[in-house]
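Residue-level listing of the chains:
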There are 2 protein chains.
Amino acid sequence: MDYQLLTASFEAPPGAQRWSAQRRLHECLRAAIRSGQLAPQTRLLATRALALELGIARNTVLYAYEQLATEGLVCTDRRGTVVSTLLAVAVPRATAPTARAGLAKRALALRASPVPAELSGGFAPGVPALAEFPATLWQRLHERSWRAHGRSALGYAEAGGALALRSAIADHLRAARGANCDAGQVFITDGTQSSLDLVARAFADAGDKVWMEHPGYFGAHTAFRGALLNTVGIAVDEHGIAPSASDWRRQRPKLIYVTPSHQYPTGGVLSAERRLALIAHASKVGALIIEDDYDSEFRHEGPPLAAMQGLVEDAPVLYLGTFSKTVFPALRIGFVVVPKALAAPFADVLARSTLRGRGADQLTLAAFMRDGHFGLHLRRMRRLYRQRRDALVASLERHLGDLASIHGDSAGMHLALVFDDARMDDVAISAAALAAGIVAPSLSAHAVGPRAHRWCGLMLGYAQVDVAVIDGLVKQLAAVVRRTDRRRG
Amino acid sequence: MDYQLLTASFEAPPGAQRWSAQRRLHECLRAAIRSGQLAPQTRLLATRALALELGIARNTVLYAYEQLATEGLVCTDRRGTVVSTLLAVAVPRATAPTARAGLAKRALALRASPVPAELSGGFAPGVPALAEFPATLWQRLHERSWRAHGRSALGYAEAGGALALRSAIADHLRAARGANCDAGQVFITDGTQSSLDLVARAFADAGDKVWMEHPGYFGAHTAFRGALLNTVGIAVDEHGIAPSASDWRRQRPKLIYVTPSHQYPTGGVLSAERRLALIAHASKVGALIIEDDYDSEFRHEGPPLAAMQGLVEDAPVLYLGTFSKTVFPALRIGFVVVPKALAAPFADVLARSTLRGRGADQLTLAAFMRDGHFGLHLRRMRRLYRQRRDALVASLERHLGDLASIHGDSAGMHLALVFDDARMDDVAISAAALAAGIVAPSLSAHAVGPRAHRWCGLMLGYAQVDVAVIDGLVKQLAAVVRRTDRRRG
């Protein structure tokens, strides 16, 4: 036993400045045993001797030895304390899990996100104007709801979420999104990813077909693959998903995932006729439509289109909403609205599969909505995002108008810059832009399944980009595009 | 068109007190069209006439008609506005989703929780003493972290969580739980259920075998079934999981879920020898152990046993922890500690499958830990829970000592009251207790798989039950047990 070493590490184990002497000794003996520095069957110094050596009380050593014995790391015999032999046979070091060896096949098969979610700045899509959020007001409401509900909000909550929030959401959706729902159909989740996980597992079994827009939202792809569904990419034209008669016949879906208000990533808006046709077809084949209305609150031209959920009575639609765009992403609150007939069974599934809490956050959000702050903030952001969009569109036309055209800028927080020549390597351009500090995911990276799609270009989020810097960023981006004009294929 | 009705509903649509006249009109026309009151091809009143009828401005009517047209609910011809025919063909009412019809088989197969999570009071397990939580201090820390990090904490966060919190957890685990980890191995989740969902999908494929303690924690069962794993129940003796040689040979596991510090629900503590043997066996067959250390901070007798995670170098252990018991359930923050070699691949899987935020909550918790409040609160709760346990044990021995014995009371927040006669109907007794206002889940309800187990009794949580009321509750419970003394089989 290397007492030098023991003494040294006893004096300064990492991060142990505030530990008691007992804990420090126990820790470094344990580390020495685990690492093999103190081999099995080594006899430890007598407690009195070690205490003397280290200049500490004998009780301190006794305590440490006792704790090692409880943990099975040492045994005591009549002559003292020896390192246990159990450890010698325990774990052959070679079988410690290595690298990706431990990962499941389904985890290895997950696709990387086309854009790291924690990136912000120009032109990261999906990030709202955080600088404009009334953070002080929010904190005041949080404090108030914490004081008002205090301890009752500390415990586990009902699976559906706080009723005050469910009602506030139902009211808002009826008024602003033309939805047809009451609070009992609204279920609070930890955001859209959690909504997708829940509905994929509640409403489809492994191997069931789920239609996705192609190109489409990779987060949905991840959730569906996680649930072992069979994803089928359905091509998107300039208005959105466009299934053919043969798709309906030969690829009969169980779930249909769509972003009708602002197709992700191309920005198309599905027309009323196509919404109704989709509902009619889905009803006929018994499929449920997942309507992800992620940034529908921001419509820059014309009145907002009503959600599919409310278009007809009892539409077979699971409506997904989020407060990541309208309030702030870190909040992690989203929701699912299910058809009336599915509300009770879905509540039952949730109660069996998930635990809820976060009462104070939910009640803060409910107050934010009830007191009119939400509506006010939305109106401010609509105005702001429209200005930013106008600036981005003008700038893109100026600097890249000869190479690309703009799609999907009538709503939402991002637009699609589509290259006129579909042989441009949008993936390489996106990578070069990122290297230059500009976030601009390629449309190609959003392909769902192997089939090629006609979309070649970049996704540009403008919600959090100040008008003053837009033109500079676009100039930089244009330089990258022109520099990286390699063609594919 | 029933103008009486329209006028009436225009005047008082539900919850519309604060809507503008435009929105009110639009809403009730839409409702009338959707419900069929205004049939397809019905011609709407001319805008001027309707405005007169309702006593509102003509522009208001124009706006409403325009919005209906955008939504595809009406069309305009030269003579005016008619209800669209699209709706007539759209959705046959009969195909609206009904009752459980829409649910997936796997959702229908989920088991009900033996105890509704939102129940508290005597003797709901898993609920800490919320009345003792320093809620005002927490709110102050929250406010401070909100102010200090403000807008930077509003956005999406790294998949692993805030580094300050990951370090605070790693430090705590090394000191208090004998864990062998650094911050890079710690991954923040939305609580243990979310940890289980993540590890089940990251480390096992559909059909892989996962061992569970039998009886065991139903939440783990739900997560594993959700991930389509094949759960194998391994019998639990008084110390915890006790796999036989034949289990190792014939039921070779990919994952092994255990609660070694305080078996859920029976309360046994796995000995050091058995922990080491489990690690050795798991290493040999290439399985990963999921160590759920849910209430290990509360040990009422002797020094705390170190976590399996730190027992040997590079143990093949996924360590799961939660702040639901040590801080408060509504917080919804838990974590997974993975072996060093798996940290990078797991981080990658998380980045591909989940979005994070909740920066302010994470930083509040980090401050709560760093500033010593966490340690102080734990010490206070340990003292309190020990008192409550003592009172419960004494009371149970007094009122039910002739019928049952107490197991698993050396640690945690609950104990198991085991009936001497295993033919007692603990499920019926639990139901009768619930009807009398006492939460006391049966041990039988925690069976994993069809095989019978020897455990017959009740799970009694005492953490949130005031000493003053314990004896009264136990007397009531004893009366229920004696009244419900039907035997099974």
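Keep in mind the model is a prediction, meaning the values are calculated, not measured. (Residues numbered from 1 in each chain as written. Chains lettered and ligands numbered in written order. Predicted model: local features only at pLDDT ≥ 70, side-chain atom pairs only at ≥ 80, totals over all residues. Heavy atoms only, no water.)

### Section: the overall build of chain A
Here is the rule: Only DSSP runs of H or I with at least four residues qualify as helices, and only runs of E with at least two residues qualify as strands; both kinds are numbered from the N terminus onward. Here the radius of gyration uses the C-alpha set of atoms, whereas the globule reference equals 2.2 Å times the residue count to the power 0.38. Two residues qualify as a contact provided that any one of their heavy atoms is within 4.5 Å of a heavy atom in the partner residue. Residues counted as positive are Lys and Arg, residues counted as negative are Asp and Glu, and His and the chain ends are not counted. For this purpose, a charge sits on NZ of Lys, CZ of Arg, CG of Asp or CD of Glu.
Along its length, chain A carries 17 helices and 13 strands. A compact globule built from 489 residues should have a C-alpha radius of gyration of about 23 Å, whereas chain A, at 29 Å, is more than 25% larger. Projected onto the principal axes, the alpha-carbon positions of chain A cover approximately 90 × 55 × 50 Å. Within chain A, residue pairs in contact and separated by at least 24 positions form 73% of the contacts whose partners lie at least 6 positions apart. The distance from the centre of the 57 positive side-chain charges to the centre of the 44 negative ones in chain A is 5 Å.

### Some details on the nonpolar core
The test is simple: Note on terminology: a nonpolar core comprises buried Ala, Val, Leu, Ile, Met, Phe, Trp, Tyr and Cys residues joined through side-chain atoms within 4.5 Å. Type-normalised accessible area, obtained with a 1.4 Å probe on protein chains alone, sets the label of each residue: buried when under 20%, exposed when over 50%, and partly exposed for intermediate values.
Phe323, Val327, Phe328, Leu365 and Leu460 of chain B are the most contacted members of the largest nonpolar core, which has 109 residues in total. Take this core: its biggest share by element is nine residues, from helix H15 (residues 373-400) of chain B. Formed by 94 residues, the second largest nonpolar core is a distinct cluster that contains Val312, Val337, Leu458 and Val480 of chain A.

### Digging into the interface of chain B and chain A
Accessible area lost on assembly of the parts is the figure often given for the size of an interface. Test applied: What counts as buried area is the accessible surface, traced by a 1.4 Å probe, that two parts surrender upon association, with contributions from both included. Salt bridges are identified by distance alone: a Lys or Arg side-chain nitrogen within 4 Å of an Asp or Glu carboxyl oxygen. In the analysis that follows, any N or O atom pair within 3.5 Å is treated as a polar contact, provided that within protein one partner can donate a hydrogen and the other can accept it, and provided that, for residues neighboring in sequence, both atoms belong to side chains. Under the scheme applied, nonpolar residues are Ala, Val, Leu, Ile, Met, Phe, Trp, Tyr, Cys and Pro; charged residues are Asp, Glu, Lys and Arg; polar residues are all the others, including Gly.
Residue-level contacts link 114 residues of chain B with 115 residues of chain A. With both chains or domains summed, chain B and chain A bury close to 10,200 Å², and 58% of this area falls on carbon and sulfur atoms. The three residues of chain B that bury the most area against chain A are Arg34, Tyr156 and Arg352 of chain B, which together make up 8% of that side's buried surface. In this structure, the connection of chain B to chain A is made through four salt bridges. Among the salt bridges present, the one from Asp205 of chain A reaches Lys105 of chain B, with a minimum N-O distance of 3.9 Å. If you look at where chain B meets chain A, you find 30 residue pairs in polar contact (both at pLDDT 80 or more). When residues in the side of chain B that touches chain A are grouped by element, the largest group, seven residues, is from helix H13 (residues 340-353) of chain B. Split into classes, the residues belonging to the side of chain B that touches chain A amount to 60 nonpolar, 23 polar and 31 charged.

### Things to note about helix H17 (residues 467-483) of chain A
Residues and elements named next belong to chain A. Put simply, the test is: Given the number of residues in a helix, its expected span is that number minus one, multiplied by 1.5 Å. What the arc covers is the set of directions going from the helix axis to the C-beta atoms.
Over its 17 residues, H17 extends 25 Å from the first C-alpha to the last, a length consistent with the 24 Å expected when each residue adds 1.5 Å. Among the residues of H17, Ile470, Leu473, Val474, Leu477, Ala478, Val480 and Val481 are the ones counted as buried. Taken end-on, H17 shows its buried residues confined to a sector of 160°, consistent with a single buried face. More than 90 degrees from the buried face of H17, the exposed residues found are Ala468 and Arg483. In this structure, the buried side of H17 is in contact with helix H15 (373-400), strand E12 (414-419), helix H16 (426-435) and strand E13 (457-461).

### Quick look at the pattern of salt bridges
Across all of its chains, the model carries 46 salt bridges over all chains by this definition. A salt bridge links Asp190 of chain B to Arg358 of chain B; its shortest N-O distance comes to 3.9 Å. Separated by 168 residues along the polypeptide, Asp190 of chain B in the loop between strand E3 (186-189) and helix H9 (192-203) and Arg358 of chain B in the loop between H13 and helix H14 (359-370) bring together distant segments of the chain. Between Arg482 of chain B and Asp402 of chain B there is a salt bridge whose closest N-O contact spans 3.0 Å. Taken together, the residues span a long stretch of sequence, with Arg482 of chain B in helix H17 (residues 467-483) and Asp402 of chain B in the loop between H15 and strand E11 (404-407) at a distance of 80 residues. Take Arg482 of chain B: its relative accessible area is 38%, and that puts it in the partly exposed class. The network of salt bridges with common partners includes Asp190, Arg356, Arg358 and Asp361 of chain A.

### Quick word on helix H2 (residues 21-35) of chain B
Residue and element names in this part refer to chain B. In this model H2 runs 21 Å from its N-terminal to its C-terminal C-alpha over 15 residues, within 8% of the 21 Å that 1.5 Å per residue would give. Listed in full, the buried residues belonging to H2 are Leu25, His26, Glu27, Cys28, Leu29, Arg30, Ala32, Ile33 and Arg34. Phi turns positive, to about 90°, at Gly36, one or two residues after H2.

### Notes on the pairing of strand E11 (residues 404-407) of chain A
Residues and elements named next belong to chain A. Operational definition: Two strands are counted as paired when DSSP detects at least two bridges linking them.
Here four bridges tie E11 to E12, and the two strands are oriented antiparallel to one another. Paired with Ile406 across the bridge in E12 is Leu417. Connecting the antiparallel pair E11 and E12 is a turn made up of six residues, with Gly408 showing a positive phi of about 65°.

### Quick word on the relation of the copies chain B and chain A
Put simply, the rule reads: What sets the superposition is a least-squares fit of C-alpha atoms, and only residues with pLDDT of at least 70 in both copies go into it.
With an RMSD of 0.1 Å, the fit of chain B onto chain A corresponds to turning through 180° and sliding 0.0 Å along the axis. The symmetry that links the two subunits is that of a two-fold axis. Scanning chain B for the C-alpha nearest the rotation axis identifies Ala227 of chain B, at a separation of 3.6 Å. When the interface residues of chain B are mapped onto chain A, 100% of them again lie at the interface, so the same face is used by both copies.

### Comments concerning the sheet that holds E12 of chain A
The strands making up a sheet associate through hydrogen bonds between their backbones, and the pairing can be parallel or antiparallel. Residues and elements named next belong to chain A. Selection rule: To obtain each axis, a line is fitted to C-alpha atoms, and for helices this fit is confined to the stretch in contact; angles are then taken between N-to-C directions over 0 to 180 degrees.
If you trace the three strands from one edge of the open sheet to the other, you get E11-E12-E13, paired in antiparallel fashion. Unpaired on one side and paired on the other, E11 and E13 mark the two borders of the sheet. Here the strands of the sheet are splayed against their neighbours by 25° on average, with no regard to which way each runs. Pairing geometry for E12 and E13, over five bridges, is antiparallel. Note that in E13 the partner of Leu415 across the bridge is Leu460. Contacts from H15 reach E11, E12 and E13, with the element oriented near 15° to E12.

### Thoughts on the packing of aromatic side chains
Formally: Here a Phe, Tyr or Trp ring, Trp counted by its six-membered ring, pairs with any other such ring whose centre lies within 6.5 Å, and the pair is stacked when the planes are under 30 degrees apart, edge-to-face when over 60, and tilted otherwise. A ring has a charge above it when a Lys NZ or an Arg CZ is no more than 6 Å from the ring centre and no more than 35 degrees off the ring normal.
Per the stated rule, a full pass over the model turns up 36 aromatic pairs over all chains. For the ring pair Phe224 of chain A and Tyr257 of chain A, a centre distance of 5.9 Å and an interplane angle of 70° mean the geometry is edge-to-face. One end of the pair, Phe224 of chain A, is in helix H10 (residues 218-226); the other, Tyr257 of chain A, is in strand E7 (residues 255-258), and 33 residues separate them in sequence. Since its relative accessible area comes to 0%, Phe224 of chain A is described here as buried. Centroid distance Phe328 of chain A to Trp146 of chain B: 5.7 Å. Interplanar angle 65°. Geometry classified as edge-to-face. Within this pair, whereas Phe328 of chain A is found in the loop between strand E9 (317-322) and strand E10 (334-337), its partner Trp146 of chain B is found in helix H7 (residues 135-149), the two belonging to separate chains. The burial state of Phe328 of chain A is the same as that of Trp146 of chain B; both residues are buried. Arg454 of chain B extends its terminal NZ or CZ atom over the ring of Trp455 of chain B, reaching a point 4.5 Å from the ring centre.

### Some details on unusual backbone geometry
Residue and element names in this part refer to chain A. With an omega dihedral of 5°, the bond running from His214 to Pro215 counts as a cis peptide bond. On the secondary structure map, Pro215 appears in the loop between strand E4 (209-214) and H10. Of note in this structure, Arg332 is not a glycine but carries a positive phi near 50°. In this model, Arg358 sits at a positive phi of 55°, which is unusual for a non-glycine residue.

### Some points on the confidence of the model for chain A
Residue and element names in this part refer to chain A. Put simply, the rule is: pLDDT expresses, on a scale from 0 to 100, how confident the predictor is about each individual residue.
Per-residue pLDDT for chain A has a mean of 87; in total, 91% of the residues score no lower than 70. In the model, residues 89-94 has pLDDT below 50 throughout and makes ten contacts with residues more than four positions away in sequence or in other chains. For this predicted complex, the interface score ipTM comes out at 0.84, alongside a pTM of 0.86.

### Quick word on the sheet that holds E11 of chain B
Residue and element names in this part refer to chain B. The three strands are arranged E11-E12-E13 in an open sheet whose pairing can be described as antiparallel. Two strands in the sheet have a free side with no partner beyond their single neighbour: E11 and strand E13 (457-461). Between one strand and the next, the sheet's axes are offset by a mean angle of 25°, whatever the strand orientation. On top of the sheet, H15 reaches E11, strand E12 (414-419) and E13; it is set at about 15° to E12, its chief contact.

### Quick word on the packing of helix H3 (residues 47-54) of chain B against helix H4 (residues 58-70) of chain B
Residue and element names in this part refer to chain B. How we decide: For classification purposes, angles smaller than 35 degrees are called roughly parallel, those larger than 145 roughly antiparallel, those between 65 and 115 roughly perpendicular, and all remaining angles oblique. What makes a crossing left-handed is the near helix being turned counterclockwise from the far one by less than a right angle; a clockwise turn instead makes it right-handed.
Contact pair H3 / H4: the axes reach a minimum separation of 8 Å and the direction vectors enclose 120°. One way to sum up the angle between H3 and H4 is to call them oblique. In the crossing of H3 with H4, the sense of the turn from one axis to the other is right-handed. Here H3 contributes Thr47, Arg48, Leu50 and Ala51 to the contact with H4, which in turn contributes Arg58, Val61, Leu62 and Tyr65. Taken together, the residues of the contact of H3 with H4 sort by class into five nonpolar, one polar and two charged.

### With respect to the side chain of Asp247 of chain A
All names here are of chain A. Looking at where Asp247 falls in the secondary structure, it is placed in helix H11 (residues 245-250). Take Asp247: its relative accessible area is 12%, and that puts it in the buried class. Residues in contact with Asp247, not counting those within four places in the same chain, are Trp211, Ile234 and Arg252.

### Here we look at the pairing of strand E3 (residues 186-189) of chain A
All names here are of chain A. Judged by which residues are buried, E3 turns out to be covered on both faces: Val186 and Ile188 on one side and Phe187 and Thr189 on the other are all buried. As paired elements, E3 and E10 share four bridges and run antiparallel to each other. Its bridge partner being in E10, Phe187 is matched across the sheet by Val336.

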